Amino acid sequence: WRRKERTAGRARRGMATCESKDVDEVERRTKAMEKEEERGKAAMEECAKMLEEKAQPKGALGTLETWAKRLAKLQCRAVPQASQFAYACFCADHGLVETQVCTPYPSSVTQKVATALAAGGAGGAVMCATVGRVRHFRVVDVGMLRPANGCDLDTRVACGTKSIVQECAMNAEECAKALDVGRRTIADFVKEEIHAVVLGEVGIGNTTSSSALLAALTRRRPVQVCGRGSGLDDIGVERKAKVVEMALHRHRSIVKSASESPMKVLQALGGLEIAAMVGAVLQAREDSVAVLVDGFIATVAALVAVRVDPRSADCLFLTTRCPEPGHAIALTELMKFGVPKPPLDMDMRLGEGSAAALCIPIMAAAANVVSNMMTLSEALSLPDKEEGTTARSGRIF
């Protein structure tokens, strides 16, 4: 009896020591985050002062100034940097496509588009080539039914998800692995000193999964969040809404606790590529990497990340409005966390990070305004032309 009591006593002391270490670690991380927040705010305030001194009417550069100050806070640098960009497109298939008619295309198209992306011929790749600032370009297979040429294959978690109208899309292990794929992708970019990343996705059926996720997270009805996706007609949109309604009913116990358990909602209704984007956003915030958020699917993934960790909103830069009705809802939700409105409204709904890629020059310009644009006093002190001076030549890129 005494030996058992001594053993139990040692176990209790050991548990107390572990709990004490855990508490100490939490306190350490909390203090570190508070210090980072203070440094970020100081950098943003200094950046704002620098912008006020530029040769322009106050606030005349609009979104560029907003983005510059946001970058300054994220990077804790009064003069932010945005010259090194990366592109990551996460690809996966969805089990619901095999059981429900919610898209005009078969799952095999996912592989074809991913192959075209890797070859440089799909929309997202063309946009990246057009802006010309992407230093690292990756097409990541998180869970396509069949591997595609040119994609990262060591990142495959499963051969697609399960049908969300029958069971959870992923089990806990698969969801965790998909999140880790996104985290590792960002970590690899950080080693290459990347300042910002474009997140794209390819996955036939993922607008349906995203609509289900959004409905669960925002308590909206399926008809409010479902749109044409990859080209549905009115009857197809109605059918998609019914599929989403079936999925929400199937997972109603999880949906009821969506605000407390967003990860469980992701596991039940999401896709492997969506989970990877969630992980990418969470890691990007930890590493102070800016994320250019694309259209509907990417925005829903960003919303899941923010529901998991509200601090991840700090790294988000919305880029576009798309015609999907659910996108406006998702954008509004993210703006509640202080994320500024997107600069583009071009009716783009391609996905693949295509619209986000077009905003690379906007982000680069936002940073360059702080570092290269003259102050008003500098502009006023320039000699007149007749004195034989040459124009000021600054570093642009």
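Heads up: the structure comes first, above all this text.
Residues numbered from 1 in each chain as written. Predicted model: local features only at pLDDT ≥ 70, side-chain atom pairs only at ≥ 80, totals over all residues. Heavy atoms only, no water.

1. Considering the pattern of salt bridges
Here is step 1: Applying the stated criterion across every chain, the model contains 14 salt bridges.
Here is step 2: Note that Asp-141 is salt-bridged to Arg-156, the shortest N-O span being 2.6 Å. One end of the pair, Asp-141, is in strand S2 (residues 134–143); the other, Arg-156, is in the loop between S2 and helix H6 (172–191), and 15 residues separate them in sequence.
Here is step 3: Through salt bridges with shared partners, a single ionic network connects Glu-36, Arg-285, Arg-311 and Asp-314. (Salt bridge = Lys/Arg side-chain N within 4 Å of Asp/Glu carboxyl O. Helix = DSSP H or I, 4+ residues; strand = E, 2+ residues; numbered from the N terminus.)

2. Brief notes about the pairing of strand S1 (residues 85–92)
Successive residues of a regular strand alternate their side chains across the two faces of the sheet.
Here is step 1: With eight of its eight residues buried, S1 lies for the most part within the structure.
Here is step 2: Covered by surrounding structure in S1 are Phe-85, Tyr-87, Cys-89 and Cys-91 together with Ala-86, Ala-88, Phe-90 and Ala-92, the residues of both alternating faces.
Here is step 3: Where S1 lies against S2, eight bridges are found, and the strand directions are parallel. Across the sheet, Phe-85 pairs through a bridge with Val-134, a residue of S2.
Here is step 4: Of the pairings in the sheet, the one linking S1 to strand S3 (residues 196–202) comprises seven bridges and is parallel in character. Bridge assignment links Cys-91 to a residue of S3, and that residue is Val-202. (Buried < 20%, exposed > 50% of the residue type's maximum accessible area, 1.4 Å probe, protein only. Pairing = 2+ DSSP bridges.)

3. Things to note about the sheet that holds S2
Here is step 1: As summarised here, the arrangement of the five strands in space is S2-S1-S3-S4-S5, forming an open sheet in which the pairing is parallel. The open sheet has two free edges, formed respectively by S2 and strand S5 (316–318), since each of these has just one partner strand. Here the average twist between neighbouring strands, direction ignored, is 25°.
Here is step 2: Across four bridges, S3 lies against strand S4 (residues 290–293) in parallel orientation. Across the sheet, the residue bridging to Leu-199 is Val-293, located in S4. (Axes fitted to C-alpha atoms, helices over the stretch in contact; angles between N-to-C directions.)

4. Observations concerning the side chain of Ser-211
Here is step 1: Along the chain, the position of Ser-211 falls in helix H7 (residues 206–218).
Here is step 2: Beyond its immediate stretch of four places on either side in the chain, Ser-211 contacts Val-225, Cys-226, Val-244 and Phe-296. (Contact = heavy atoms within 4.5 Å.)

5. Observations concerning the pairing of S4
Here is step 1: Here S4 shows two buried faces, one formed by Ala-290 and Leu-292 and the other by Val-291 and Val-293.
Here is step 2: Sheet topology note: the S4/S5 ladder contains three bridges and is parallel. If you follow Leu-292 over to S5, its bridge partner there is Phe-317.
Here is step 3: On the question of chirality, the crossover connecting S4 to the parallel S5 by way of helix H13 (residues 296–308) is right-handed. (Right-handed = clockwise from strand over helix to strand, strands pointing away.)

6. Some remarks on H13
Here is step 1: Between its first and last C-alpha, H13 extends 19 Å over 13 residues, near the 18 Å set by a 1.5 Å rise per residue.
Here is step 2: A large share of H13 lies buried, amounting to 11 of its 13 residues. (Expected span 1.5 Å × (residues − 1).)

7. Describing helix H11 (residues 262–269)
Here is step 1: Within H11, burial applies to Pro-262, Val-265, Leu-266, Ala-268 and Leu-269.
Here is step 2: Lining the buried residues of H11 we find H6, H7, helix H9 (234–250), helix H10 (252–256), helix H12 (272–286) and H13.

8. As for empty space enclosed by the protein
To locate leftover empty space, one rolls a probe as large as a water molecule over the atoms.
Here is step 1: Using the criterion set out here, one finds three cavities of 30 Å³ or more in the structure.
Here is step 2: Counted as a void, the largest cavity has a volume near 60 Å³.
Here is step 3: Every residue lining the largest cavity is listed: Glu-36, Glu-37, Gly-40, Lys-73, Leu-74, Arg-285 and Asp-314.
Here is step 4: Broken down by secondary-structure element, the contributors of at least two residues to the lining of the largest cavity are helix H1 (2–52) and helix H2 (63–75). (1 Å grid on protein atoms, 1.4 Å probe; cavity = no way out; pocket = protein on both sides within 12 Å on 5 of 7 lines; lining within 4 Å. Points joined across faces, edges and corners; volume = space filled by probe spheres on them.)

9. Some remarks on the layout of surface pockets
Here is step 1: When its volume is computed, the largest pocket comes out at roughly 490 Å³.
Here is step 2: Lining the largest pocket are 29 residues, and of these Asn-206, Ser-230, Arg-349, Leu-350 and Gly-351 sit closest to its centre.
Here is step 3: Elements that contribute at least two residues to the lining of the largest pocket include exactly helix H4 (108–118), S3, H7 and H13.
Here is step 4: By residue number, the principal contributor to the lining of the largest pocket is H7, which donates three residues.
Here is step 5: Residues belonging to the lining of the largest pocket are distributed by class as follows: 12 nonpolar, 10 polar and seven charged. (Nonpolar A, V, L, I, M, F, W, Y, C, P; charged D, E, K, R; others polar.)

10. Focus: the packing of H13 against helix H14 (residues 325–335)
Here is step 1: Running from N to C, H13 and H14 point in directions that differ by 30°, and their axes come no closer than 9 Å. By crossing handedness, the relation of H13 to H14 is classed as left-handed. Contacts from Phe-296, Thr-299, Val-300, Ala-302, Leu-303, Val-306 and Arg-307 of H13 reach H14 at Gly-326, His-327, Ala-330, Leu-331, Glu-333 and Leu-334.
Here is step 2: Class assignment for the residues of the contact of H13 with H14 results in eight nonpolar, three polar and two charged. (Left-handed = near helix turned anticlockwise from the far one by under 90°.)

11. Points about the packing of aromatic side chains
To describe a pair of aromatic rings, one takes the distance between the centres and the angle between the planes.
Here is step 1: Within the structure shown, the criterion is met by two aromatic pairs.
Here is step 2: On the numbers, 5.1 Å between centres and 70° between planes, the contact of Trp-67 with Phe-317 is edge-to-face. Separated by 250 residues along the polypeptide, Trp-67 in helix H2 and Phe-317 in strand S5 bring together distant segments of the chain. For the residue pair Trp-67 and Phe-317, the accessibility class agrees, reading buried in each case.
Here is step 3: For the pair Tyr-87 and Phe-137, a centre-to-centre distance of 4.5 Å together with 5° between the ring planes defines the contact as stacked. Taken together, the residues Tyr-87 in strand S1 and Phe-137 in strand S2 connect sequence positions 50 residues apart.
Here is step 4: Tyr-87 gets classed as buried once you look at its relative accessible area, which sits at 0%.
Here is step 5: Residue Phe-137 is classed as partly exposed on the basis of its relative accessible area, which comes to 33%.
Here is step 6: Here the basic side chain of Arg-70 rests over the ring of Phe-317, its NZ or CZ set 5.6 Å away from the ring centre. (Phe/Tyr/Trp six-rings, centres within 6.5 Å; stacked < 30°, edge-to-face > 60°. Lys NZ or Arg CZ within 6 Å of the ring centre and 35° of its normal.)

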